Every structure is written in structure tokens, then in C-alpha cells.
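Chain by chain, the residues:
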Amino acid sequence: MKGLLVGFALAALTLGIAGCGGGGTTTPGGEGAPPGGGGGSATAVPIVFESDRDGNWEVYFIRSDRTGRQNLTNNPASDTEPAMSPDKTKVAFVSDRGGKADVWIMGVDGSNPQNITKEAGVAGSPSWYAEGARLLLSLTVTGKNNDRPQIYAVNTDGSNLEQITDNQNFNLTPIIQSDVSRVTWATGDSLEELDLASMIIGKDERVIVERPASDWRPSMMTPKVRPRLILEVQTDGKAAVYEVETDGRRLQPVVKSSSFNAIQPVWGDLGQAAGSYVLFSTDKDGNWNVYFVPTGAGEDLLQKLVQVTDNPANDRHPSW
Ligand SMILES: [Ca+2]
Ligand SMILES: [Ca+2]
């Protein structure tokens, strides 16, 4: 029961942001050339996201050039929080179709969904780890850790569950920092004031971003050159995307506006030659849509935004 409350509280944290979109943006073409039906540029990157466009939350596939849109889950349950595997062949997501919130893994075409937390607690925040061999996730186990979610790692078949945090805080949205076994996640005594923490598993847990704001949903950025994190920051009911050094220094905005919110950032490179991009969801059109933008857009942010979804429903939580 407490796990459900945590789920609702998280949804409120996402949806409670004051929306004030800046009017509709019309983009030529629109999303939705049929799967496999012509089009699709050679450099298009596969993206998954959550949407309630069909009346309940489903996980959808679309390419970065907006072709190939497909409902991957097609289930009356709530299917959310998709995470694309490193080799782009699988998608981890959260579904309550089994009676509680669990992490499931399916093929990138929606095939063969498997519940990997059936025997564990209430699950959320899946992210891929160990080159796709394991997942990091949050698990709320009744009677443990003040009934608050902790960070765990698990094999993709549900075996070898390992508890990583062991405290009385809320612990959410873990990621692995590339090339090292350092986990970064959000932690805090209140969902309204989360901080970013970091540790080599079992060794040196420390808070790296601690401010009177909610700092969470980290994503690793430029893993090979000058590694940094991007994250979602919520201050005074407004959400923006920031970047920060992996030790917490030099926090600065990447996608920030006084007229719209930007949430759930994921870093990507769109192919090595194309540079560094952040994929995220924003309410700038008056409803939540998925966009990406070069990380160094700066003053040219609005001109450099690339729209991926344009459905009036809520399109959020992208991954690529
Ligand atoms: Ca569903
Ligand atoms: Ca939308």
C-alpha cells in the first residue's frame, strides 16, 4: 500500500508542475509514418516514450525522424518509464499488469514481455547497467527501510537481486556512470527535496548536489570526453534540465525557460558525428511532447529544438 502511495506521490511530483505552455507549435509532417512504411532516414535513432493518447498509459516506439510510431505495450494496465537497452534491442518499463508496479523487459518491437520483479517489492526507475546484463531500479519492500524505495541491481531474468542503498530516505532514478561502477541516484527525506548522491557500489556514498530544490533523474553525458551528468531540477514549481560535473561542481542550465517546463532528460549522441543531444519532455505546446536539442544550444535553444511527438495527449519519459 505504501508503495502505491509512493507511486502516486511521484506522479504528483511530475504532474504538479505548474503548466503554462506557450501556445501550439505546428510542425510540418507530424509524427506517425507507419512502421516499415518507407521514409526513415539512415541516421534516425530509435526512441521509446510513455503516452496516454490511447486512454491509458502505454509505451510507444518512434524514430528520431518521427517515422515508425508503434504502441509496444497494448495493455489496459499502466505501462510507463521505458528505458532503451544499450544495444537498442530491448526496453525495460514499469507496469502494474501483474497486480503491483513491476519492472518488465520486452523486445524493442513489444515482443515477449517478462516480469523481472515478480518476487520483489514495488518497483520503478529501471535503467540498464553492466552493458545490458543487469538493471538498476528502485524497490519498495514492505517492512524494510521505513517502507521507502531503495536502489537495487538485478539480472535481466530477475535473478541475483542486490540491494545497493540501505537507509531511511526515498531513493530513486539510479543510473550507472559509464566505464566505472559508480551509481548516481536521487535521495531525500521528502519527494519535494531530493538531492543527487553517488557511490562506487558498497564504498563511498556521498551527496554531490544538495540544494533547496528537487534534483533527480540523472543521465550520463559525454561518457568518453569530459564526463558530466544531466538532471532534472524542480524549483518553485518549475522544472528545467541542468548539467553538472560528476563531482557536483558547475551546475548550469541546459534547457531552462520561464515560459515552459523541461523534464526527464536523457543524453544521447545521435551517431558520433552529429554531436551531443539531450532528449526530454516539455509542456511548451500546452501539452507534454518529446523533443531533443543540442546540449550547447544556449541562446539558440528555441531555434534548435527538434520536435518528436505532436499528439495532444501526454508524451513523456523518453529514452534512446
Ligand atoms: Ca497500458
Ligand atoms: Ca503531447
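Check the entry above for the structure.
Below you will find a few notes about this structure. Counting from 1, residues in each chain are numbered in the order their sequence is written. The lettering of chains begins at A and the numbering of ligands begins at 1, in the order of writing. pLDDT decides what is reported in this predicted model: residues at 70 or higher carry local features, side-chain atom pairs at 80 or more are listed and counted, and totals for whole chains, interfaces and linings draw on all residues regardless.

Once that is clear, we can look at the overall build of the protein chain. Where helices and strands are cited, they refer to DSSP runs of H or I of at least four residues and of E of at least two residues respectively, numbered from the N terminus. Looking only at helices and strands, one finds two helices and 24 strands in the protein chain. Relative to its 320 residues, the protein chain shows a buried fraction of 45%. A residue is called partly exposed when the number of other C-beta atoms within 10 Å of its own lies between 12 and 20, exposed at 12 or fewer, and buried at 20 or more, with C-beta atoms placed from the backbone.

Criterion used throughout: strands pair if DSSP finds at least two bridges between them. Pairing is antiparallel across the open sheet formed by four strands, whose spatial order is β12-β13-β14-β15. Every other strand in the sheet has two partners, leaving β12 (170-177) and β15 (206-209) as the edge strands with one partner each. Recorded for the sheet is a direction-independent mean angle of 35° between the axes of neighbouring strands. Across six bridges, β12 lies against strand β13 (residues 182-190) in antiparallel orientation. If you follow F170 over to β13, its bridge partner there is G188. Note on geometry: axes are lines fitted to C-alpha atoms, helical ones only across the stretch in contact, with angles between N-to-C directions running from 0 to 180 degrees.

Further remarks concern the environment of Y277. You can see Y277 is positioned in strand β21 (residues 277-282). Accessibility expressed as a C-beta count within 10 Å gives 23 for Y277, which makes it buried. Each C-alpha atom of the pair Y277 and G296 lies 8.3 Å from the other, and the pair is 19 residues apart in sequence. Two residues qualify as a contact pair if the distance between their C-beta atoms, derived from the backbone, is within 7 Å. Those residues in contact with Y277 that lie beyond four places of it in its chain are G268, D269, L270, F292, V293, P294 and T295.

With 72 residues, the main nonpolar core has V48, V91, I230, V241, V278 and L279 as its most contacted residues. Sort the elements by how many residues they give to this core and strand β18 (residues 238-245) lands first, with five residues. Residue contacts for V48: discarding those within four places in its chain leaves V59, Y60, F61, L72, P82, M84, V91 and S319. For our purposes the nonpolar core covers buried Ala, Val, Leu, Ile, Met, Phe, Trp, Tyr and Cys residues that link as a set through C-beta atoms within 7 Å.

Here we come to unusual backbone geometry. In this model, R66 sits at a positive phi of 75°, which is unusual for a non-glycine residue. Inspection of the secondary structure assignment puts R66 in the loop between β2 (58-63) and β3 (70-71). For N146, which is not glycine, the phi torsion reads 60° and is therefore positive. One can find N146 in the loop between β9 (134-140) and β10 (150-155). What makes N146 partly exposed here is the crowd of 13 C-beta atoms within 10 Å.

Moving on: the pairing of β15. As paired elements, strand β14 (residues 193-200) and β15 share three bridges and run antiparallel to each other. By the bridge assignment for β15, A197 is matched with V207. Where β14 folds back onto β15 in an antiparallel hairpin, the turn is made up of five residues, including G202, whose phi is positive at roughly 80°.

Looking now at the environment of W216. Locating W216 in the fold gives a position in strand β16 (residues 214-221). In the structure, W216 is positioned 44 residues away from L172 in sequence and 7.8 Å away in space, judged by C-alpha atoms. Ignoring sequence-local partners within four residues, the contact set of W216 consists of L172, T173, A186, L194, L231 and E232.

Relative to β14, β13 runs antiparallel, the two sharing seven bridges. Bridged to S190 within β14 is E193. Between β13 and β14, which pair antiparallel and follow one another directly, the connecting turn spans two residues.

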